[in-house]
Amino acid sequence: MRLFARFCAVLAAALLFAAPPVLAKPAARPQPTLTAGAVASPDRYGALAAEQILQAGGNAVDAAVATAFALAVTYPEAGNLGGGGFMTLLVDGKPYFLDYRETAPAAARAEMFLGPDGEPVAELSQYGNLAVGTPGTVRGMAMAHQRFGKLPWARVLAPAIGYARDGFLVTPQLIGILDGSRGPLAPTNFEAHFGGLKAGAVFRQPALADTLTRIARDGDRAFYEGQTADLIVAQMGRGPVKGLITRADLAAYRAVWREPLQANWRGYRVITAPPPSSGGIALMQLLLMKQQAARLFEGVPLNSPRYMHLVAEIEKRVFADRAEYLGDPDFVKVPVEALIAPAYLAGRAGQIDPDKPSPTPSVQPGLERPQTTHFSIVDKWGNAVSNTYTINGWFGSGVVVEGAGFLLNNEMDDFSAKPGVPNMFGVVGGSANAIAPGKRPLSSMTPTILTQDGQVAMVIGTPGGSRIFTSVFQVLANVYDHGLSLAEAQKQQRFHHQLLPKDTITFEPYAPASAELRRGLEAMGYVLVAQDYNGDIEAIQVLNGTPVPVADPRARGEARVVK
């Protein structure tokens, strides 16, 4: 009761704060089109935050902002203030996309992670100050709320402030992720701030509560200017390797409204992420190429050796295109329309070898010359938000901003430190994704919304690095190609192939490969490898006007219908 009372006190205080300036919003609120709102969140605290905001009369965008800030407190391995991401929205029937991805600081250079021998030094791009890109999350949330939010800004941040000030219960899953990350993060100040986490204990973060209170009072400028900005810059100067972010980098950061990527598939309108995400293009290629190759899939059981081989053949070509063509569209020309053109995908599908893996060197780009978190929300008016944001690896760079209480990203590793050299997710890139000042690194994040006849039908996304869009693809195919319920689709075995390592299919601990499946794939020439993770899909399907949210059974997520 004392925790609840203190939370209410924090909430009441937050309501007194002035909200940031509000931009023009839709003039009239439409009548409810769904029986309820819903949320699928990676943890219960994010779900509770969304539920409170929806019950208070907020819309899906209000609830999304509340969830994002709540996860910055209770999901420290991936929820964040010090990272960035993408948000796909459907508001009053119209699609939008917000890019609040991190950017390279002005002092960043293409060769900054290369050693004396000219080869990348992985530790520099993955841990410590030099790995940090200019964060975008706070500005992105503010821009989404200013354009579409209904409730006051301070009201939407109140749940997060309460969780930071009064604490949250630490789960065994969080401790498992923490224990697996301690070694690489040891050179940073991470352990001093998060080393005391214990399963079942309440964890309080007063410095983070103060930071959130400043943001609730003064808006996003409280992060990019003033005290918090000073604390970030001061942190860049600590430790054996100095960081690059300056006050000027923070003040200059802008999130960007972009046109979402859209295509028709199986009677649905798929609305997803454009570049600098590779995820949307890759998801479209996977869905549409499988549709082009429908003849090969006829009579093939789901997740049989032949099914996995055919999907791997498609994935191989998708990753070849990703490495060659995709990058920040503000810096390089990305041939989006060409990559999802029906004729192009029909030609790529025609290259599939139905019996054995295509030789990896023969799979070239076809045109002529983990650790993220996701949540999905719908409101009773049929508005929807699919949001994926990240600090890249678990706990990001491991650097905690002293006095502000939040972790910073290691997003610089998502650039290509050297063309053809894999990053921490094993994905290769080319010059299109080279480091440059102010540039946004290529991402696999794939926040996606499906509509039918203009109404929301599915909101979906996941963390997982290079496995993001292959996981989203598999769940969508399970639901719409194989007729499974969303809950059953979530439970199915997930697998992944990404061109390199050669002819390798990875499996997850939740549903490992059976002996029979192994024999079938190995007979085709595949190498099977176990991995520790394959997504945490948080999705909502709308059936006959009723939202059906489902949290991935692999993790600690929670789904709620909000009446």
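No experiment lies behind these values; they were computed from the predicted model shown.

Counting residues in each nonpolar core, the largest one holds 88 residues, and the members touching the most others are Phe 69, Leu 81, Leu 212, Ile 215, Phe 395 and Phe 406. Among the elements that take part in this core, helix α3 (residues 60-74) stands out by supplying 12 residues, more than any other. Leaving out residues up to four positions away in the same chain, Phe 395 has contacts with Pro 76, Glu 77, Leu 174, Ile 177, Leu 178, Ser 181, Leu 185, Phe 190, Leu 407 and Leu 408. By size, the runner-up hydrophobic cluster in this structure holds 65 residues, among which are Tyr 268, Ala 349, Ala 457 and Leu 486.

Here we take up the packing of α3 against helix α6 (residues 153-166). Remark: α3 packs on α6, axes separated minimally by 8 Å, with the N-to-C direction vectors making an angle of 20°. Comparing the axis directions of α3 and α6 gives the class roughly parallel. For the pair α3 and α6, the sense of crossing is right-handed. Of the residues in α6, those in contact with Asp 62, Val 65, Ala 66, Phe 69, Ala 70, Val 73 and Thr 74 of α3 are Trp 153, Val 156, Leu 157, Ala 160, Tyr 163 and Ala 164. Residue composition of the contact of α3 with α6, grouped by class: 11 nonpolar, one polar and one charged.

All right, on to the sheet that holds strand β14 (residues 504-507) then. Here three strands make up an open sheet; going across it, the order is β13-β14-β15 and the pairing mixed. Each edge of the sheet is formed by a strand with only one pairing partner; in this case those strands are β13 (495-496) and β15 (527-530). Judged from the two bridges that link them, β13 and β14 form a sheet pairing that is antiparallel. The residue bridging His 496 from the neighbouring strand is Thr 506, located in β14.

Quick look at the UniProt feature "binding site: L-glutamate" (unreviewed entry) in the protein chain now. Listed under "binding site: L-glutamate" (unreviewed entry) in the UniProt record, and renumbered for this structure, are Arg 101, Thr 390, Ile 391, Asn 392, Asp 414, Ser 443, Ser 444 and Gly 465. Residue placement: Asp 414 occurs in the loop between β10 (384-390) and β11 (448-452). Separated by 2.7 Å, the side chains of Asp 414 and Arg 101 make a polar contact. Here Ser 443 is to be found in the loop between β10 and β11. Beyond its immediate chain neighbours, meaning those up to four positions away, Ser 443 contacts Phe 86, Arg 101, Pro 276, Ser 277, Ser 278, Gly 279 and Arg 322.

Quick look at the UniProt feature "active site" (unreviewed entry) in the protein chain now. Taking the UniProt record as the reference, the feature "active site" (unreviewed entry) is found at Thr 372. Mapped onto the elements of the fold, Thr 372 is located in strand β9 (residues 372-378). Classification of Thr 372 as buried rests on a relative accessible area of 5%. For Thr 372, the contacting residues outside a window of four places in its chain are Ala 78, Thr 388, Tyr 389, Thr 390, Asn 392, Met 445, Pro 463, Gly 464 and Ile 468. There is a polar contact of 3.2 Å between the side chain of Thr 372 and the side chain of Thr 390.

Looking at the secondary structure, you find Glu 538 in strand β16 (residues 538-543). Here Glu 538 falls in the buried class, since its relative accessible area comes to 0%. Through-space distance from the C-alpha of Glu 538 to that of Pro 447 is 10 Å; in sequence the pair is 91 residues apart.

Our focus in this paragraph is the layout of surface pockets. The volume enclosed by the largest pocket comes to roughly 410 Å³. Taken together, 22 residues line the largest pocket, and the ones lying closest to its centre are Ile 177, Gln 371, Trp 394, Asp 532 and Tyr 533. Looking at the lining of the largest pocket, its residues break down into 10 nonpolar, nine polar and three charged.

With that settled, consider α6. Taking 1.5 Å per residue, 14 residues should reach 20 Å; α6 reaches 20 Å between its end C-alpha atoms and fits that length. Along its length, α6 shows its largest kink, about 35°, at Pro 159. Counting buried positions along α6 yields 13 of 14 residues, so the element is predominantly enclosed. At the exit of α6 stands Gly 167, carrying a positive phi of roughly 100°.

The next subject is the pairing of strand β8 (residues 268-272). Look at any regular strand and the pattern is simple: side chains alternate between the two faces of the sheet. The element β8 is largely enclosed, with a buried count of four among its five residues. Strand direction decides the pairing type here: strand β7 (residues 261-265) and β8, joined by five bridges, are antiparallel. Paired with Leu 261 across the bridge in β8 is Thr 272. Where β7 folds back onto β8 in an antiparallel hairpin, the turn is made up of two residues, including Arg 266, whose phi is positive at roughly 50°. Two strands pair when backbone bridges link them, and β8 and β11 are joined in this way by three bridges, in the antiparallel orientation. Note that in β11 the partner of Val 270 across the bridge is Leu 450.

So, on to the confidence of the model for the protein chain. Detailed conclusions should not be drawn from predicted coordinates in areas where pLDDT is low. For the protein chain, mean pLDDT is 91; residues scoring 70 or higher make up 91% of the total. Counting contacts from residues 1-24, a segment whose pLDDT is below 50, to residues more than four positions away or on other chains yields 30 contacts.

As for its position among the elements, Tyr 526 is in the loop between α20 (515-524) and β15. A sequence separation of 73 residues divides Tyr 526 from Asp 453, and the C-alpha atoms of the two residues are 42 Å apart. Ignoring any residue separated from it by four or fewer positions in sequence, one finds Tyr 526 in contact with His 309, Ala 312, Glu 313, Pro 357, Asp 503, Ile 505 and Leu 521. A distance of 2.6 Å separates a polar atom in the side chain of Tyr 526 from a polar atom in the side chain of His 309.

Reading the values: rules and limits
Residues numbered from 1 in each chain as written. Predicted model: local features only at pLDDT ≥ 70, side-chain atom pairs only at ≥ 80, totals over all residues. Heavy atoms only, no water. Core = buried A, V, L, I, M, F, W, Y, C linked by side-chain atoms within 4.5 Å. Buried < 20%, exposed > 50% of the residue type's maximum accessible area, 1.4 Å probe, protein only. Helix = DSSP H or I, 4+ residues; strand = E, 2+ residues; numbered from the N terminus. Contact = heavy atoms within 4.5 Å. Axes fitted to C-alpha atoms, helices over the stretch in contact; angles between N-to-C directions. Parallel < 35°, antiparallel > 145°, perpendicular 65-115°, else oblique. Left-handed = near helix turned anticlockwise from the far one by under 90°. Nonpolar A, V, L, I, M, F, W, Y, C, P; charged D, E, K, R; others polar. Pairing = 2+ DSSP bridges. UniProt positions renumbered as here; feature names shortened; annotations may be inferred. Polar contact = N/O pair within 3.5 Å; in protein donor to acceptor, adjacent residues only side chain to side chain. 1 Å grid on protein atoms, 1.4 Å probe; cavity = no way out; pocket = protein on both sides within 12 Å on 5 of 7 lines; lining within 4 Å. Points joined across faces, edges and corners; volume = space filled by probe spheres on them. Expected span 1.5 Å × (residues − 1). Bend = angle between axes of the 7 residues up to and from the residue. pLDDT = per-residue confidence, 0-100.

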